[in-house]
Each structure stands twice: as C-alpha cells, then as structure tokens.
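Working through the structure, step by step
The primary structure of each chain is shown beneath.
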Amino acid sequence: MAEIRLEQLAHRYHGAPSGPADYALRPMDHVWEQGGAYALLGPSGCGKSTLLNIISGLLVPSEGRVLYDGKSVNDLTPQQRNIAQVFQFPVVYDTMTVHENLAFPLRNQGQPRERIDARVREVAEALEIEPLLNRKAQNLTADEKQKVSMGRGLVRDDVAAILFDEPLTVIDPQLKWRLRRKLKEIHQRFNVTMVYVTHDQLEASTFADKIAVMYEGQIVQFGTPRELFENPQHTFVGYFIGSPGMNLLEIALGASGVEFDGHALAVPDAIAAQLRQREGGRLQVGIRPEFVQLVAPDDAVLHGYVDLVQDQGTFKIVDVRLDTPSAPVVKARLGEEAGVPEGRTGVHFPEAWQRFYIDDHLVGVGDENL
Ligand SMILES: Nc1ncnc2c1ncn2[C@@H]1O[C@H](COP(=O)(O)OP(=O)(O)OP(=O)(O)O)[C@@H](O)[C@H]1O
C-alpha cells in the first residue's frame with residue numbers, strides 16, 4: 001500500500017504543445033493518500049484513463065513525476081510498481097477455473113498452497129463468488145467474469161494500489177448497486193488505496209470518501225461528496241454534480257453593486273470587493289436547485305413563470321423562466337409534498353447558498369490569490 005503523489009505531471013499525445021488545449025492532462029500536483037478510497041470523476045474525454053494509465057505505468061507521462069511513498073516510479077513497469085488494475089471489460093483466463101484465476105497472481109509469487117487457498121476463499125467470499133470457484137471461467141456470465149477480474153486485483157495483499165477503470169460498465173444495472181456497496185465494504189476490510197474511475201456521480205459518491213472531479217485535463221476539485229455539492233470550486237463541478245446541476249447566472253457590477261439583469265443581489269462585502277477587483281472577468285452567481293425558493297410574488301425581488309414541472313417521484317423539478325431581460329430558466333428542486341405555484345411566482349436565492357464565480361472559479365472570503 002502506498003501514498004501516490006503526482007508532481008507537475010502532464011501528458012500530451014502529440015508533439016510540442018502550443019497551448020493548454022494540446023494537453024490530454026494539464027500540469028498538475030496531486031496526492032492520493034495511503035489507504036484512501038478515491039474516485040476520479042468526469043465526462044468522456046476529460047483525461048481519466050490517461051491519468052490512471054500513468055499512475056499504473058501503462059503510459060509514460062510527457063512531463064513530471066509519479067512518486068510512490070516518495071520514490072519516483074517513472075522508470076518502473078506496472079509489474080514493478082506492484083499495481084493491480086481492473087478494466088472496463090473483464091480480463092480472465094478462460095481455460096482456468098475461477099479458483100485458478102484468483103490464485104494465479106499468488107502462485108506467481110511462489111506463495112504456499114494453504115496461504116493461497118485461504119486468501120482465494122476470503123476474496124471469493126467478499127465478492128460472493130464462492131459457489132463459482134470450481135467453474136471454468138469461459139462458462140461465466142460477463143458480470144461473473146468481471147467479479148473474477150476484481151478478485152484478481154484484490155487477492156494480493158502487497159499491492160501499492162488497486163485502480164478501477166469504469167469496472168461496472170458490463171455489470172447488469174440490477175447488480176451495479178450491490179457491487180458498488182460491496183467494493184466499499186471490501187475497501188474497509190482490506191484497507192488498500194483504491195482509485196475508481198467513473199463518469200457517474202452516483203457511482204463515485206457511493207464508493208469514494210473523496211472525489212477528484214476532472215474537466216479538460218485538470219482536476220478542478222478534490223473533495224468529499226458534500227464539499228462538491230455545497231461548495232463547488234469551479235462552475236463545472238456545480239454543473240456536473242447534482243441532479244439537476246447548479247443554476248448559473250451571468251452577473252455584472254452596476255451602480256447598486258453586484259447585479260443580475262439590473263437587480264441588486266445581496267453579496268457579502270468581502271466577496272463584492274473581490275468581484276470589483278477582477279473587473280473584466282466573467283462573473284456568475286450559482287445556486288443549487290435544492291436551495292431555490294419559490295415564494296409569493298410580493299416576497300421576492302426576482303419573478304418568473306413556471307415553464308415546466310417534472311415529477312421525479314420523491315421530488316419535483318420546477319423550471320421557472322425569469323421575467324428579466326436575459327430571461328434565463330432557473331430550476332428549483334422541491335420536495336414531493338411541496339406545493340408548486342401556477343403561473344407567476346417569486347424566486348428567492350437565500351444568501352447563504354449563493355456562490356460567486358470569476359472566470360469559472362469560486363470566490364471565497366479571504367481568497368487573495370485569485
Ligand atoms: N492513444 C491516444 N492517442 C491520442 N489521443 C488520445 C489517446 N488516448 C486518449 N487520447 C485523447 O486524450 C484525451 C483524454 O482521453 P481519456 O481517454 O484519458 O479520457 P477519459 O476521461 O478516460 O474518457 P472516456 O471516459 O471516454 O474513456 C481525449 O481528448 C482523447 O481523445
């Protein structure tokens with residue numbers, strides 16, 4: 001088990017870079033602590049697999065270093081790094097039994113037969129594949145094969161880390177939930193550093209204690225699911241996390257302070273001062289649909305018309321088109337029992353839940369170095 005540190009790590013697949021957009025991974029520093037359960041979350045093409053393959057040694061980074069427990073592993077192969085990697089599609093030896101598949105990494109290490117057998121049974125039990133141990137792998141379903149692939153990663157207790165690259169892609173939707181919980185339990189039991197790549201926020205937050213959100217080759221935030229929800233550091237995190245994502249509205253500095261479409265917004269002084277300092281940047285206010293309040297028109301500064309109501313069973317999503325010059329749609333997420341106004345409504349953004357962004361980055365109180 002190891003701490004994995006990335007130092008000024010960057011990667012490009014083609015020639016010399018002419019700008020940040022030429023990097024599949026832009027220069028980054030990052031630490032995965034020993035024993036942590038982490039997710040790497042982001043949309044297709046943001047660089048998740050590139051980063052995972054650099055950590056495991058399948059890919060050599062074009063810049064920077066990967067350190068395991070403080071030692072550079074840039075020149076080491078995946079085998080020498082002692083990493084287990086589970087891919088989207090199962091990798092099993094079809095002609096071997098499940099027991100032989102699981103035992104294979106330990107046999108290669110020359111471990112005694114009884115130790116191998118005990119460990120294989122422990123992992124098989126954790127993954128609920130004990131009844132399959134004597135079956136040939138070629139006769140298994142895709143789900144079962146993927147469990148065996150995972151088991152092969154888990155069976156060695158000396159690995160630096162286990163890396164999962166969208167491991168539940170082939171798993172039946174019914175089973176996905178169970179297997180995600182199972183992996184979490186297994187992490188707690190075996191206490192090994194795990195990094196789990198996914199584009200699914202639910203999968204990331206069920207599995208991981210901390211999530212690294214990736215966007216255009218960068219980690220734009222590393223935090224707990226709650227931190228990502230309550231304080232998105234980047235507008236992309238606001239938009240990508242949550243269901244639906246954060247409402248983001250363009251704001252400007254006007255005669256009455258910080259304004260949205262000519263209406264003054266209540267903004268803490270320290271934040272207003274920072275917004276003024278960075279005049280010329282793109283300014284936005286963000287508010288999660290969960291915190292938008294639909295109130296009587298007389299009780300609000302902003303007004304709009306209910307455009308659409310989507311009943312999701314346990315909650316409702318209400319689209320309100322504001323009657324301001326830019327007429328954006330604001331989404332409110334209301335409880336199942338909440339009444340939905342018809343027609344015109346007041347829209348209130350509680351001050352405590354407004355977040356302000358300059359050029360997509362969160363403005364915090366005391367941020368001097370924006
Ligand atoms: N072998 C390659 N050669 C050239 N470009 C590549 C190669 N592999 C990936 N890329 C590019 O690098 C960027 C990051 O790709 P990567 O596969 O790491 O993203 P990802 O987040 O894992 O996406 P997905 O979820 O679709 O697998 C993309 O623009 C992709 O087109």
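Residues numbered from 1 in each chain as written. Predicted model: local features only at pLDDT ≥ 70, side-chain atom pairs only at ≥ 80, totals over all residues.

As recorded by an unreviewed UniProt entry, the protein carries the name ABC transporter ATP-binding protein and is attributed to Salinicola corii.

Across the protein, pLDDT averages 92, with 98% of residues at or above 70. Here helix α6 (residues 173-190) is the element of the protein with the lowest mean pLDDT, 84, and strand β9 (residues 210-215) is the one with the highest, 98. For this predicted complex, the interface confidence reaches an ipTM of 0.97, while the overall pTM sits at 0.91. (pLDDT = per-residue confidence, 0-100. Helix = DSSP H or I, 4+ residues; strand = E, 2+ residues; numbered from the N terminus.)

Our next topic: the sheet that holds strand β14 (residues 263-264). One open sheet holds the three strands; their spatial order is β12-β13-β14, and the pairing between them is antiparallel. Two strands in the sheet have a free side with no partner beyond their single neighbour: β12 (252-254) and β14. Here two bridges tie strand β13 (residues 257-260) to β14, and the two strands are oriented antiparallel to one another. Directly across from glutamate 259, in β14, lies its bridge partner alanine 264. (Pairing = 2+ DSSP bridges.)

Okay, the packing of helix α3 (residues 98-108) against helix α4 (residues 113-126) next. The interhelical angle for the contact between α3 and α4, taken along N-to-C directions, is 125°, at an axis separation of 9 Å. What the angle tells us is that α3 and α4 run oblique. Crossing hand, α3 versus α4: right-handed. Contacts between α3 and α4 pair His99, Leu102, Ala103, Leu106 and Arg107 from the former with Ile116, Arg119, Val120, Val123 and Ala124 from the latter. In terms of residue class, the contact of α3 with α4 is built from seven nonpolar, one polar and two charged. (Axes fitted to C-alpha atoms, helices over the stretch in contact; angles between N-to-C directions. Parallel < 35°, antiparallel > 145°, perpendicular 65-115°, else oblique. Left-handed = near helix turned anticlockwise from the far one by under 90°. Contact = placed C-beta atoms within 7 Å. Nonpolar A, V, L, I, M, F, W, Y, C, P; charged D, E, K, R; others polar.)

Turning to the UniProt feature "domain: ABC transporter" (unreviewed entry) in the protein, a few remarks are in order. Residues annotated in UniProt with the feature "domain: ABC transporter" (unreviewed entry) correspond here to residues 4-241. Counting secondary structure, residues 4-241 comes out at 37% helix and 23% strand; the distance between its end C-alpha atoms is 26 Å. (UniProt positions renumbered as here; feature names shortened; annotations may be inferred.)

Attention now moves to the site of the ligand. The environment of the ligand is formed by Tyr13, Ala24, Gly42, Ser44, Gly45, Cys46, Gly47, Lys48, Ser49, Thr50 and His199. Within the shell around the ligand, the residues separate by chemical class into three nonpolar, seven polar and one charged. (Near = placed C-beta within 6 Å.)

Before going further, it helps to examine unusual backbone geometry. Following serine 243, the chain continues into proline 244 via a peptide bond in cis, with omega recorded as 0°. Non-glycine residue glutamate 166 carries a positive phi angle of around 45°. If you trace the backbone, glutamate 166 turns up in the loop between β7 (161-165) and α6. With 19 C-beta atoms counted inside 10 Å, the residue glutamate 166 sits in the partly exposed group. Positive phi, normally seen in glycine, also occurs at aspartate 261, with a value near 45°. Locating aspartate 261 in the fold gives a position in the loop between β13 and β14. Overall, aspartate 261 belongs to the partly exposed group, with 16 C-beta atoms counted inside 10 Å. (Buried ≥ 20, exposed ≤ 12 C-beta atoms within 10 Å, placed from the backbone.)

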